[in-house]
Amino acid sequence: IILLPTKSLPAWAFHNQLIIAALSPTHSLLRSPFTVHSPMTSSSTHYRSRLAAILMPMVCSMVVAFRPNCGLAFCGSRALYCRQTNNRVPSSNIRFRRSHDKHSYSQCRLFSTTSDNSDDPKARVLFLGTPEVAAASLQSIYERSCHPSSPYQLVGVVTQPNKRRKKRSGQVLPTPVAIVAEQLGIPILCPEKARDADFLDELENDVKPDLCITAAYGQYLPKRFLALPKFGTLNIHPSLLPRWRGSSPVQRSLEAGDNPVGVSVLFTVSAMDAGPIVAQKSVVIDDNEQATTLLPRLFEIGTELLLDAIPGVISGETTMDTATAQDESLVVDAKMIDASEGRLRPEDMSARECHNRVRGFSMWPGTYVYLQIGEEESEPVKVKVVESRVFEENMEATNVIEIGPKKGDGLRLVCYDGSVLEVLQVQPATRSVMDAKSFTNGLQGRRVVWLSGVDESTIKLK
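Being a predicted model, the structure only gives us computed values, none of them experimental.

Calculation criteria
Residues numbered from 1 in each chain as written. Predicted model: local features only at pLDDT ≥ 70, side-chain atom pairs only at ≥ 80, totals over all residues. Heavy atoms only, no water. Helix = DSSP H or I, 4+ residues; strand = E, 2+ residues; numbered from the N terminus. Buried < 20%, exposed > 50% of the residue type's maximum accessible area, 1.4 Å probe, protein only. Contact = heavy atoms within 4.5 Å. Areas by Shrake-Rupley, 256 points an atom, 1.4 Å probe, with all protein chains shown as cover. Axes fitted to C-alpha atoms, helices over the stretch in contact; angles between N-to-C directions. Parallel < 35°, antiparallel > 145°, perpendicular 65-115°, else oblique. Left-handed = near helix turned anticlockwise from the far one by under 90°. Nonpolar A, V, L, I, M, F, W, Y, C, P; charged D, E, K, R; others polar. Polar contact = N/O pair within 3.5 Å; in protein donor to acceptor, adjacent residues only side chain to side chain. Arc of directions from axis to C-beta. Pairing = 2+ DSSP bridges.

J.: How should I be thinking about the overall build of the protein in this particular structure?
T.: Along its length, the protein carries nine helices and 26 strands. For the protein, the proportion of its 462 residues judged to be buried stands at 51%. Relative to all contacts within the protein whose residues are 6 or more apart in sequence, the contacts with residues 24 or more apart total 69%. For the protein, the exposed surface amounts to about 23000 Å²; the carbon and sulfur share of it is 50%.

J.: How should I be thinking about the packing of helix α2 (residues 132-145) against helix α3 (residues 176-184) in this particular structure?
T.: Axes are the key here: two packed helices are described by the angle between their axes and the distance separating the axes. One can describe the packing of α2 onto α3 by two numbers: an axis separation of 7 Å at closest approach and a directional angle of 25°. Relative to α3, the element α2 lies roughly parallel. Crossing of α2 against α3: the hand is right-handed. Here α2 contributes Glu132, Ala134, Ala135, Leu138, Gln139 and Tyr142 to the contact with α3, which in turn contributes Pro176, Val177, Val180, Ala181 and Leu184. Class assignment for the residues of the contact of α2 with α3 results in nine nonpolar, one polar and one charged.

J.: Got a minute to help me understand the side chain of Glu422 in this structure?
T.: By the element assignment, Glu422 lies in strand β24 (residues 420-428). Looking at Glu422, its side chain comes within polar contact range of the main-chain nitrogen of Gly410, at 2.8 Å. Beyond its immediate sequence surroundings of up to four residues, Glu422 is in contact with Glu387, Ser388, Arg389, Phe391, Asp409, Gly410, Leu411 and Arg412.

J.: How should helix α9 (residues 436-443) be read in this particular structure?
T.: Structural remark: α-helix, 3.6 residues per turn; residues separated by three or four positions point the same way. Buried within α9 are the following residues: Ala436, Phe439 and Leu443. Projected down its long axis, α9 shows its buried positions confined to an angular sector of 65°, all on one face. Those residues of α9 that are buried are in contact with β20 (367-373), β22 (402-403), β23 (411-414), β24, β25 (434-435) and β26 (448-450). Phi for Gln444, located one or two positions after α9, is positive at around 55°.

J.: Teacher, can you tell me more about the pairing of β24 here?
T.: For a regular strand, side-chain orientation follows a simple rule: the groups alternate between the two sheet faces. With seven of nine residues buried, β24 lies mostly within the body of the structure. Bridge analysis of strand β21 (residues 381-390) against β24 gives seven bridges, and the strand direction is antiparallel. Its bridge partner lying in β24, Glu387 is registered against Gln425. Across four bridges, β23 lies against β24 in antiparallel orientation. Paired with Val414 across the two strands is Val420, which belongs to β24. Between β23 and the antiparallel strand that follows it, β24, lie five residues; Gly418 among them carries a positive phi value of about 90°. Sheet topology note: the β24/β25 ladder contains two bridges and is antiparallel. The residue of β25 that forms the bridge with Gln425 is Asp435. Hairpin connection, β24 to β25: the antiparallel pair is bridged by five residues, and Thr430 has positive phi, about 65°.

Nothing here speaks to function; it is geometry throughout.
Okay, here's the thing in structure tokens:
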């Protein structure tokens, strides 16, 4: 085993896994089954290239002699460290691709086309997802696939391109699903659009999925995509379909005050969330639960439903024909949320309506109210309502806001109908989240009233 004398090009040998990283001036591929674990980058200085050119044949020979089932792949000045898999794939069935993505975690593509390999009867599953809730689902699906009795293997992950940026550094970050996929050693694809021809060609010719799974992927899937997997595409949708079809099911269900809520696993068809239902579960929730905690919980439940359903789908017992068709007469649309909907309007909303909107929009866009603090001539102040509850008793209608007399009481905001929204946590502009008591202490005795009819386009916010 040779350790290359450079910081960025280490080499190790483990009991069941040999990892080697080096620079090669040419492409080379050993005859061996392998999967990409993660790309490594380094500078391509002249002396390192010459050193690699001299040592690479020796290293490769020692690898074959020491661990014949371990594979290596090198691509110009990029190196991949690879590990042994249980797939016995002939070298002729291995496709190696170089992408133009500039981010290191997805710079290389490697897929084995084993769909027709009789030595490996496990179904090939492709996962599509983007946010943190989908990343948790991917982790669970992967862990189940590692069980010897699992009828499937994860062959790839599709996620959105890198567009999130850290506020201060401006650094481009991969999606949560991409981060987990890299940690698990699963190949990643990041098409700009799911309808891109190159992307669909790669799925059809290289990945060859038998079953696709979507969890908050965030893009419309074209008919050509849906026609690729022979077992279809399963989707985790956090609502009791056919109620709340669309992009914001949890937010809309909480806004409407639904209880119970639920999650569905369904086959994906061209119409949004209209496919037949494979499994569904209702969940009774607390009156104060917010989308921030409910969404992950529903995806966790939905993932378990999905894992229980996969064997039946792969065996052919569960199909589009045997799954339960949705009742179109019960369809309710969960339309996309607009940022302007976050404004609470006590002048024409009840305390229950305000509270449900606080719960439903806790992730985005949040909810807020305009207050006037102190003198009547003072400008409106935009204050975010972070947490609330409905006060048990009605009060005489007023726009004056006061804190309750007991410890732990919130700010009591009386709506037009006398119902009372008790605000427990707020966040004034440019300030951190604080409880009602801290907010009141900062007022220094000044009077606070909520405002109606505020024109957001003309006022100067503090």
